[in-house]
There are 2 protein chains.
Amino acid sequence: MDLFVSKYINKIDKKGRVSLPSSFRNILPKANRNEIILYKSIKTPSIEGCGVGRLNEIAKRINNLDFFSEDYDDFSTSIFSEIITTNIDKEGRFLIPEELKIYADIKTEAAFFGQGHYFQIWEPKKGLKNTEDSRRRLLKEKKSLRMILTQQK
Amino acid sequence: MDLFVSKYINKIDKKGRVSLPSSFRNILPKANRNEIILYKSIKTPSIEGCGVGRLNEIAKRINNLDFFSEDYDDFSTSIFSEIITTNIDKEGRFLIPEELKIYADIKTEAAFFGQGHYFQIWEPKKGLKNTEDSRRRLLKEKKSLRMILTQQK
DNA sequence: CACATACCCATTGACGCCCATATATTCCCA
DNA sequence: TGGGAATATATGGGCGTCAATGGGTATGTG
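Okay, so let's go over this structure. (Residues numbered from 1 in each chain as written. Chains lettered and ligands numbered in written order. Predicted model: local features only at pLDDT ≥ 70, side-chain atom pairs only at ≥ 80, totals over all residues. Heavy atoms only, no water.)

**A few points about the nonpolar core**
- Among the nonpolar cores identified, the biggest contains 29 residues, and Ile37(A), Leu55(A), Ile62(A), Phe80(A), Ile83(A) and Ile62(B) are the most heavily contacted of them.
- Breaking this core down by element, the ones donating at least two residues are strand E3 (35-40), helix H2 (53-63) and helix H3 (70-80) of chain A together with strand E3 (35-40), helix H2 (54-63) and helix H3 (70-80) of chain B. (Core = buried A, V, L, I, M, F, W, Y, C linked by side-chain atoms within 4.5 Å. Buried < 20%, exposed > 50% of the residue type's maximum accessible area, 1.4 Å probe, protein only. Helix = DSSP H or I, 4+ residues; strand = E, 2+ residues; numbered from the N terminus.)

**Thoughts on the protein's contact with DNA strand C**
- Close to DNA strand C lie 13 residues, the nearest being Lys15(A), Lys90(A), Glu91(A), Lys90(B) and Glu91(B).
- Backbone sugar and phosphate groups make up 44% of those atoms of DNA strand C lying within 4 Å of the protein.
- Glu91(A) is positioned such that a nitrogen or oxygen atom in its side chain is 3.2 Å from a base nitrogen of DNA strand C.
- Here a phosphate oxygen of DNA strand C sits 3.1 Å away from a polar atom, N or O, in the side chain of Lys90(B).
- At the level of secondary structure, the elements contributing two or more residues to the surface near DNA strand C comprise strand E6 (93-95) of chain A together with strand E6 (93-95) of chain B.
- In the surface near DNA strand C, the residues fall into two nonpolar, one polar and ten charged. (Near = heavy atom within 4 Å. Polar contact = N/O pair within 3.5 Å; in protein donor to acceptor, adjacent residues only side chain to side chain. Nonpolar A, V, L, I, M, F, W, Y, C, P; charged D, E, K, R; others polar.)

**Regarding the protein's contact with DNA strand D**
- In the vicinity of DNA strand D, 26 residues are found, and the nearest of them are Lys15(A), Arg17(A), Ser22(A), Lys15(B) and Arg17(B).
- Broken down by secondary-structure element, the contributors of at least two residues to the surface near DNA strand D are strand E1 (7-11), strand E2 (17-19) and helix H1 (22-25) of chain A together with strand E1 (7-11), strand E2 (17-19) and helix H1 (22-25) of chain B.
- Class assignment of the residues belonging to the surface near DNA strand D gives a composition of four nonpolar, six polar and 16 charged.

**Quick word on the interface of chain B and chain A**
- Listed per partner, the contact involves 37 residues of chain B and 37 residues of chain A.
- Buried area between chain B and chain A, summed over both chains or domains, comes out near 3700 Å², and the portion from carbon and sulfur atoms is 54%.
- Here chain B and chain A share five salt bridges between them.
- For Glu99(A), the salt bridge identified is with Lys7(B), shortest N-O distance 3.2 Å.
- The tally of links between chain B and chain A comes to eleven residue pairs in polar contact (both at pLDDT 80 or more).
- Only H2, strand E7 (109-114), helix H5 (124-140) and helix H6 (145-150) of chain B provide two or more residues apiece to the side of chain B that touches chain A.
- Ranked by residue count, the leading element in the side of chain B that touches chain A is H5(B), at seven residues.
- Here the side of chain B that touches chain A is composed, by residue class, of 14 nonpolar, twelve polar and eleven charged. (Contact = heavy atoms within 4.5 Å. Buried area = accessible area lost by both parts, 1.4 Å probe. Salt bridge = Lys/Arg side-chain N within 4 Å of Asp/Glu carboxyl O.)

What follows is the structure, given as structure tokens:
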């Protein structure tokens, strides 16, 4: 398994530390298992995160843009300056930067939601509500989950 | 991690010294960890900086411009002749040359913005506003940040 | 000599590293 | 196969180290 899946709710201790779910840690490449990157989700009041490996891919893509164009600066600023790297201690815990906690309204507990190649961190109640809303939207639009889950390639 | 990421706001002391964020220092090659280059950003009222090694990369990019265009001379002049090297002391601090401080309107605090292979130094309020503006431009143009952040190769 | 800057030392708070415990899970063997 | 032991995970807390900051003094250069 090399995808972030499932959801977990973990406590944030006095020092502000929170455990990255074990199954998430195991997905990080052994080489960089003690570092992740975090950034504000664009569409939701949540934090998104993933291993640092993805950062290099992003850098490569941005570097391919015209260096003297406006886009280059916009992407570079919006992405690199907004990304925060944080270290994972030997027990598998990390610190959520204050700014991101405020953005996601996270206080004493953090809910982790696997999203495949990345994961989201929510204030638990908001996160669960978002899950329900998502599912409801899907069904409403008659996009059959069943179809997606059971169809053959 | 070998990229300049995140943002930091540091104070400038009476002597004009300011700490280069620790994570930025660690990116500089051990060989030249006590020296960086600074120059005026071409498109914004900010200072750009990087390790001395990056000079070659800048030269390459300018060389890729049409040699006979006006841009070539302009960029070449604007950048190379304006580059200033400055030393980093044992505590990780350096002096921002007066001319650059004036150009960026920096007085008592300096905001450092990671930009991947280089970084920018802004007057804090202006820098934060610039980040917001960048993001707004990107979203407005429906250029999906999310795609860059999460897509697979 | 005056000013700027490099070098040295000190302080504070944040963070990393280490150890400890409780609960849950897996493993192994009788 | 049942039960106890070993292991893993989430969580709590002590303490040393480092980053950011402040300031004194030496060095140096015009």
